[in-house]
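Overview (structure and organization)
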Amino acid sequence: MKLRVFVILGVLVFFVALIIFLLQSFTFYNITTAKLFKSSEFEEYPFMEEGTSSKNYIMKRMSFSNNRLPTIVYNTEKNFFLVYNYHDKVLKINAEGEEIFSTPLLPGMEFPEYSSFLFTQNEVYDFTQDIVEPEYFKEVINKNQELSLDKWQQVYTKLYKDSSEVLYGESLPHPQSGFLIYCKINGSWIKLYSPKNKKHYIRGGHVHKDRDILPAKFTPLVLLKDIKNNKYSNDWSIDDFDEGRKNLSYYNQKYREKDNISVMSYWKTGQLETAPFGFDAIEYYNLTIDGETLKFKESAIKGILGNWIRYIDQYALPIDYEKKSNVLFLRYSYLSNMNFDRSKGVYIIKKKKN
């Protein structure tokens, strides 16, 4: 008799557990989440866009995302970060996480990849300067294609030899005037238009097709990386690079994985229209830094059987430079709603000012 009762109880427990599992996995009902039992605690978690803080640290958004994710790069010589987004702006941020300069990044400007220089039609912004101010070009050469090919090659070769910095613009903005070459000689900038029949492909000046074009001359900035998600701070995975670019200095760095973000709970908010067993959800996070906890919540997608799609990446400096700054960068983009999500952008976590 007792055995029969135990069997019946066991079957009932099994079916109850199965029902709970099915409801939790395949419906938008929330049955077993911690938020159900500690609702008041998790209600205090802010969305990322609202900012959050602990006793000594603060998290705030530094850059908004449009249809492209912001890029984060680091100057190893001058110990500062650049955060930029095309058709938005460029931010210069010091090692303590303070914004020290900002300028729009608009169509028609040229910002050679992984450089510290922004070029407008008439001016240059050199972000390595302690006080960033626009500098006018000292000279503009071959704008009207007045040089013969032979003469142009002579001018270009001499400028290149005499320059401490040489950077290349893109071909497309100037189809009738050639692409632009920017040369810094004795502290002054010269802008040289190439012959219009020259074609090139420049990525930071290190990859090109035209055998007459020499490599760029500047110290490239380095990328940060999220080791856990295998993402660089320009949102490219190493697997997306061609073999020739994997050895470039701004990719070929060693990084340490960050493991200081914990998911404390979640709350399903609705079923995805694009997936039969996927759900929109809000996840609740604790980020630990120097023994303190920053709490926040953000959107995610919960799939069948508990698999998750998350859009928060945490970027770290290369190991060789990680002691030069104690700030952290997070980048968030909820791709199923790329153009409208309230919290998308780059966030910085830094110490509060005294």
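Cut-offs and rules
Residues numbered from 1 in each chain as written. Predicted model: local features only at pLDDT ≥ 70, side-chain atom pairs only at ≥ 80, totals over all residues. Heavy atoms only, no water. Helix = DSSP H or I, 4+ residues; strand = E, 2+ residues; numbered from the N terminus. Buried < 20%, exposed > 50% of the residue type's maximum accessible area, 1.4 Å probe, protein only. Contact = heavy atoms within 4.5 Å. Areas by Shrake-Rupley, 256 points an atom, 1.4 Å probe, with all protein chains shown as cover. Salt bridge = Lys/Arg side-chain N within 4 Å of Asp/Glu carboxyl O. Polar contact = N/O pair within 3.5 Å; in protein donor to acceptor, adjacent residues only side chain to side chain. Lys, Arg positive; Asp, Glu negative; His and termini not counted. pLDDT = per-residue confidence, 0-100. 1 Å grid on protein atoms, 1.4 Å probe; cavity = no way out; pocket = protein on both sides within 12 Å on 5 of 7 lines; lining within 4 Å. Points joined across faces, edges and corners; volume = space filled by probe spheres on them. Nonpolar A, V, L, I, M, F, W, Y, C, P; charged D, E, K, R; others polar.

Examining the overall build of the chain
Within the chain one finds 4 helices and 23 strands. The buried share of the chain, reckoned over its 354 residues, is 49%. Long-range contacts, defined here as pairs at least 24 residues apart, represent 56% of the contacts in the chain between residues at least 6 apart. When the accessible surface of the chain is summed, it comes to about 18900 Å², and 53% of that surface belongs to carbon and sulfur atoms.

Re the pattern of salt bridges
Applying the stated rule across the entire model yields 6 salt bridges. Taking the shortest distance from any N to any O, the salt bridge between lysine 353 and glutamate 98 comes out at 3.5 Å. Here lysine 353 is found in the segment after strand S23 (345-351), whereas its partner glutamate 98 is found in the loop between strand S5 (89-94) and strand S6 (99-104), with 255 residues between them in sequence. Relative accessible area serves as the criterion here: at 68%, lysine 353 is assigned to the exposed category. Note that glutamate 322 and arginine 256 form a salt bridge whose closest N and O atoms lie 2.4 Å from each other. Note that glutamate 322 is positioned in the loop between strand S21 (312-315) and strand S22 (328-332) and arginine 256 in the loop between strand S16 (231-232) and strand S17 (261-271), a separation of 66 residues in sequence. Here the salt bridges do not stand alone but share partners, grouping Glu98, Lys350 and Lys353 into one network.

Comments concerning the environment of tyrosine 285
Relative to the elements of secondary structure, tyrosine 285 occurs in strand S18 (residues 279-289). The exposure class assigned to tyrosine 285 is buried, which follows from its relative accessible area of 3%. Separated by 23 residues in the primary sequence, tyrosine 285 and serine 262 have C-alpha atoms spaced 5.6 Å apart. Beyond its immediate chain neighbours, meaning those up to four positions away, tyrosine 285 contacts Tyr45, Ile261, Ser262, Val263, Met264, Leu294, Lys295, Phe296, Lys297, Glu298, Arg310 and Ile312. A polar contact of 2.6 Å, which involves the side chain of tyrosine 285, links it to the side chain of glutamate 283.

With respect to the side chain of glutamate 110
Within the secondary structure, glutamate 110 is located in the loop between S6 and strand S7 (117-119). Within the buried core, glutamate 110 has no salt-bridge partner, and the shortest N-O distance to an opposite charge, that of lysine 191, equals 7.7 Å. One polar contact links glutamate 110 to tyrosine 182, side chain to side chain, over a distance of 2.5 Å.

Looking at the confidence of the model for the chain
Of the residues in the chain, 69% reach a pLDDT of 70 or more, and the chain-wide mean stands at 79. With pLDDT under 50 throughout, residues 203-208 is counted as low confidence; its partners more than four residues away or in other chains account for 20 contacts. Predicted confidence is poor over residues 239-244, with pLDDT under 50, and the contacts of this stretch with residues over four places away or in other chains come to 5 contacts.

Notes on the layout of surface pockets
Taken as a whole, the second largest pocket spans an internal volume of roughly 360 Å³. Considering the residues around the second largest pocket, the lining is formed by 20 residues, among which Asp226, Lys228, Asn229, Ile261 and Ile312 are closest to the centre. Of all the secondary-structure elements, those providing two or more residues to the lining of the second largest pocket are strand S15 (225-226), S17 and S21. Of the residues forming the lining of the second largest pocket, the biggest block, 3 residues, is contributed by S21. A class-by-class count of the residues in the lining of the second largest pocket yields 7 nonpolar, 3 polar and 10 charged.

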